[in-house]
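The residues making up each chain are set out below.
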Amino acid sequence: MRPQVTLRRLEEMKAGHEPIVMVTAYDYPTARVAERAEVDMVLVGDSGAQVVLGYGSTVAVSVDEMLVLARAVRRGVRSAFVVCDLPFGSTEVSDEQAVETAVRFVREAGADAVKLEGGGETRLSRIRAIAGAGIAVVAHVGLTPQTAVALGGMRAQGRTADSAARFAREAVAVQEAGASLLVVEAVPAEVVDVVLPALDIPVIGIGAGRADGQVLVMHDLLGITEGKTAAFVKRFAAVGDEMVGGVAAYAAEVRSGVFPGAEHGYSANEAAVAAAREALPR
């Protein structure tokens, strides 16, 4: 069994220019896949609202639903560093609410760190409060899906002078507020490259150039997600098509009478058959 990936190990990877591999997981089977593939970090993302629970956006998922997913993932992960998203509505009211929510994910789900989106003044206050409570915080700037409407929709950030300047300010600010890691989403690589030297914490990119590491949604990279995916997604397998093909083959054999065959059942002796017959009402 490989050693536990810790925050210190992630910092060492950044210092040694060793790329960090992060992937999402939402249940025990996907957690086991991530663990067996020996990724460095597993994110229990609020993207599970869409890819697992079928909601239209990430904002619909509740703390209790996220905790169910997080506990299942924690049971499947042995060595990777587990990060849990704090869902929309669970940190917005106050610093106290944010700390209480973060504590639940650590205590009830065994999270190694929690993640929250945004780099504005209110979000910086939340980061300071959670970090001050002794919980590692992963910040998330650039495209922040929970508040995408305020950013003009699900679109790349940092492509204009104002947007790029805001990204740079927020990236530095979340570090100064106490974030231990940073996820940067949908920001041009050229802009990210300018900001990276100012950051001492590991930076994980998604549609943001090479950074110190990468994260993708498990269902996207395996080809399970239906329909169009984001430009930054690369499919490394066609698991969704294989699943559909397998279920369709099963259905065809059931309908044609091929399945189940004799080899898929159990044998009984004559006495058992006779006893069952005698037990029936006459």
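Think of each chain on its own: its residues are numbered from 1, step by step along the sequence as written. This being a predicted model, a pLDDT of at least 70 is required before a residue's local features are given, and a value of 80 or more before pairs of side-chain atoms are given or counted; all residues contribute to the totals for chains, interfaces and linings. By convention in this description, side-chain values take in all heavy atoms of the structure and omit both hydrogens and water.

A short note on the UniProt feature "active site" (unreviewed entry) in the protein
Rules: UniProt positions are given in the numbering used here, feature names are shortened, and annotations may be inferred rather than shown by experiment. Strands here mean DSSP runs of E at least two residues long; helices mean DSSP runs of H or I at least four residues long; both are numbered from the N terminus. A 1.4 Å probe rolled over the protein chains alone gives each residue an accessible area, and that area as a share of the maximum for its type sets the label: buried under 20%, exposed over 50%, partly exposed in between. Only heavy atoms matter for contacts: two residues are in contact if any of them lie within 4.5 Å across the pair.
Taking the numbering used here, the UniProt-annotated feature "active site" (unreviewed entry) corresponds to Glu185. As for its placement among the helices and strands, glutamate 185 is situated in strand E6 (residues 181-185). Using a relative accessible area of 8% as the deciding quantity, one classes glutamate 185 as buried. Here glutamate 185 is in contact with His140, Val141, Gly142, Leu143, Pro145, Ile206 and Phe232, once residues within four sequence places are set aside.

Some thoughts on the pairing of strand E3 (residues 81-85)
Stated precisely, the cut-off is as follows: Note: two strands are recorded as paired if DSSP finds a minimum of 2 bridges between them. A crossover counts as right-handed when, viewed with the strands pointing away from the observer, the path leading from the first strand over the helix to the second turns clockwise.
Most of E3 is tucked away: five of the five residues are buried. Of the two faces of E3, the one lined by Phe81, Val83 and Asp85 and the one lined by Val82 and Cys84 are each fully buried. Of the strand pairs in this sheet, strand E2 (residues 41-44) and E3 are connected by four bridges, and their pairing is parallel. Of the residues in E3, the one forming a bridge with leucine 43 is valine 83. In this structure, E3 lies alongside strand E4 (residues 113-117), joined through three bridges in parallel fashion. Residue pairing for E4: valine 83 is matched across the bridge by alanine 113. In terms of handedness, the path from E3 via helix H5 (residues 95-109) over to E4 forms a crossover that is right-handed.

Topic: the sheet that holds E6
In plain terms, the rule: Axis definition: a line fit to C-alpha positions, over the contact stretch in the case of helices; interaxial angles, taken between N-to-C directions, run 0 to 180 degrees.
Spatially, eight strands are ordered E1-E2-E3-E4-E5-E6-E7-E8 in a closed barrel, and the strand pairing comes out parallel. Taking each pair of neighbouring strands and ignoring which way they run, the sheet shows an average axis angle of 25°. Pairing geometry for strand E1 (residues 20-24) and E2, over three bridges, is parallel. Note that in E2 the partner of threonine 24 across the bridge is leucine 43. Seen against the sheet, helix H4 (residues 63-76) touches E2 and E3 and runs at an angle of roughly 155° to E2.

What to know about the UniProt feature "binding site: 3-methyl-2-oxobutanoate" (unreviewed entry) in the protein
The positions UniProt marks with the feature "binding site: 3-methyl-2-oxobutanoate" (unreviewed entry) are Asp46, Ser47, Asp85 and Lys115. Look at the named residues: they lie 70 residues apart in sequence, but the longest C-alpha span between them is just 12.5 Å, so in the fold they bunch up. Mapped onto the secondary structure, aspartate 46 falls in the loop between E2 and helix H3 (48-51). Excluding residues that lie within four positions of it along the chain, aspartate 46 makes contacts with Thr58, Val61, Met66, Asp85, Glu117 and Gln146. The topology assignment puts serine 47 in the loop between E2 and H3. Since its relative accessible area comes to 15%, serine 47 is described here as buried. For serine 47, the contacting residues outside a window of four places in its chain are Thr24, Tyr26, Thr58 and Val217.

Considering the pattern of salt bridges
To keep it simple, the criterion reads: Each reported salt bridge corresponds to a side-chain nitrogen of Lys or Arg within 4 Å of a carboxyl oxygen of Asp or Glu.
All chains considered together, the criterion is met by 12 salt bridges. Aspartate 40 is the salt-bridge partner of arginine 2, the closest N and O atoms lying 3.9 Å from each other. In this pair, arginine 2 sits in the segment before helix H1 (7-15) while aspartate 40 sits in the loop between helix H2 (28-36) and E2, placing the two residues 38 residues apart along the sequence. We classify aspartate 40 as buried; its relative accessible area is 11%.

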